[in-house]
Amino acid sequence: MFWSGTGTRRLNAEAEQRLALARQNSPGSESWLALVAAALAETADVGRWRVTVHTLPEATRSARAPLLHGAEIAVDGGAVRRFVHRLADLAGLNGETPDPVEAVALVEAAICQDDSRITAADPAKLRVVAQVAALPLLVTAAQSIGATVSTAWCEGYCPVCGAWPTLAEFRGLERKRWLRCGRCATAWEMPWLRCAFCGETDHEHLGYLAPEGETSRKVEVCDTCKGYLKAEPTVSALPWSGVVLDDAATVAFDVAALDRGYHRPDRPGFDLDVHIVTHRSAFWKI
Ligand SMILES: [Zn+2]
Ligand SMILES: [Zn+2]
C-alpha cells in the first residue's frame, strides 16, 4: 500500500462502517465526519508527533484546575503542520492554510478552548479545524501523563483538559455514571442526578429526553442552566474512538435537545492555560 507524505491513513473496518452509517443518517455532516475520520486515523499513528508533557507540580496547581493547566507540551512542529494542512484541505480552506508557527498556535488556542485567538476570513471553519487538530495531541498528552483522576474530583469539566463531557456512560451492571471527555478520552465518575454543567441536584429541575421506543440512549437535561448531555449504557469504558463515534452517531439527539431549548454551554468548563513548544530540530543540536 502506498502512503503519501501527508498520510491518508486508514481506519479499522468497524470505525469505517460506523462512519459510513453516520454519513447515511446525517447527510449534512459529511465534512465534519471527514475531519473526525482524519483525527481517529492520526491518533492511531501519533508517534511522529513526539509528544512530551511537563505538568505543573501538584502543590502549585489549584484543586479545581485540570491536570494539564499550566503544562508545557513539546511536539514535532512539522507533524502538527502537516495534520493541520490536511484538515484545512478537507474543510475546504484551500489557500488559507496556516504556516508552521500559525499551525502550532492554532492547536494551542484550541487546547485552551480560546476561539478569540483564531481569526481568519472564515473563522468558524478554522476553529473547527483547530479543535479537531488538537485531538491527537490531547489524547496522547493525557496518556503520557498517565492521568489518574482523584476520587475527590467533583467538577463537571474534564479533570485533565477542562472540556465539558461529550457524553455520560452508565457503566456495567451497577450502572455507575461516568462522564467522558471526547477531547482527551478521560473518564470521571459523577453521581446520578447532578448536572455536570451547573451542579444542580434537585431532581425537580433535572430530567431526560428520549425518542419513543428508545430504551437505552437518552439526553440528560437540566432546567436550571438549560444544559444537555447525551447518555448511554456501556458494558465497560468506551475507548476514545468509541466516545467520538457514538457522539457522531447521535446527532439526532443533539437536534432534539436543541429544538427543545437546551444547549451546550457557550463557555469552557475551565480556562485552561497550556503552552505548546516545538522540539528543536536535530540539525541545530551541537
Ligand atoms: Zn479532557
Ligand atoms: Zn444545569
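Everything numeric here is computed off the predicted structure, so don't read it as measured data.

**Considerations on the coordination of the zinc ion (ligand 2)**
Point 1. Distances from the zinc ion (ligand 2) to its protein donors, C195 (SG), C198 (SG), C222 (SG) and C225 (SG), fall at 2.3 to 2.4 Å.
Point 2. Around the zinc ion (ligand 2), the 4 donor atoms sit at angles spanning 106 to 113 degrees, and that spread fits a shape best called tetrahedral.
Point 3. In the primary sequence, the donor residues of the zinc ion (ligand 2) line up as C-x2-C-x23-C-x2-C.

**Focus on the packing of helix α2 (residues 30-43) against helix α3 (residues 77-90)**
Point 1. Two numbers describe how α2 lies on α3: the axes approach to 9 Å, and their chain directions differ by 160 degrees. Taken as axis vectors, α2 and α3 run roughly antiparallel relative to one another. Crossing of α2 over α3 shows right-handed handedness. Taking contact as the criterion, the partners of A34, L35, A38, A39 and E42 in α2 are, on α3, F83, R86, L87 and L90.
Point 2. Partitioning the contact of α2 with α3 into residue classes produces 7 nonpolar, no polar and 2 charged.

**Re the coordination of the zinc ion (ligand 1)**
Point 1. Taken together, the protein ligands of the zinc ion (ligand 1) are C158 (SG), C161 (SG), C181 (SG) and C184 (SG), with distances of 2.3 to 2.4 Å.
Point 2. Given a relative accessible area of 0%, C161 falls into the buried group.
Point 3. Under the relative-accessibility criterion, C181 is labelled buried at 0%.

**Comments concerning the domain arrangement of the protein chain**
Point 1. What the domain assignment reports for the protein chain is domain 1 (2-145 + 271-279) and domain 2 (150-259).
Point 2. Once you take the C-alpha centre of each, domain 1 and domain 2 turn out to be 23 Å apart.
Point 3. Taken together, the 26 residues of domain 1 in the interface contact 23 residues of domain 2.
Point 4. Each partner contributes to the roughly 1800 Å² buried at the junction of domain 1 and domain 2, and carbon and sulfur atoms together form 65% of this total.
Point 5. A per-residue breakdown of the area domain 1 buries against domain 2 is headed by R18, L40 and R64, which together make up 29% of the total.
Point 6. The interface formed by domain 1 and domain 2 holds 2 salt bridges in total.
Point 7. We note a salt bridge from D246 to R18, for which the minimum N-O separation is 2.5 Å.

Cut-offs used in this document
- Residues numbered from 1 in each chain as written.
- Chains lettered and ligands numbered in written order.
- Predicted model: local features only at pLDDT ≥ 70, side-chain atom pairs only at ≥ 80, totals over all residues.
- Heavy atoms only, no water.
- Donors = N, O, S within 2.8 Å, 3.2 Å for Na, K, Ca; no water.
- Tetrahedral: all angles 85-135°; square planar, octahedral: opposite > 155°, others 65-115°.
- Axes fitted to C-alpha atoms, helices over the stretch in contact; angles between N-to-C directions.
- Helix = DSSP H or I, 4+ residues; strand = E, 2+ residues; numbered from the N terminus.
- Parallel < 35°, antiparallel > 145°, perpendicular 65-115°, else oblique.
- Left-handed = near helix turned anticlockwise from the far one by under 90°.
- Contact = heavy atoms within 4.5 Å.
- Nonpolar A, V, L, I, M, F, W, Y, C, P; charged D, E, K, R; others polar.
- Buried < 20%, exposed > 50% of the residue type's maximum accessible area, 1.4 Å probe, protein only.
- Domains from an automatic or database assignment.
- Buried area = accessible area lost by both parts, 1.4 Å probe.
- Salt bridge = Lys/Arg side-chain N within 4 Å of Asp/Glu carboxyl O.

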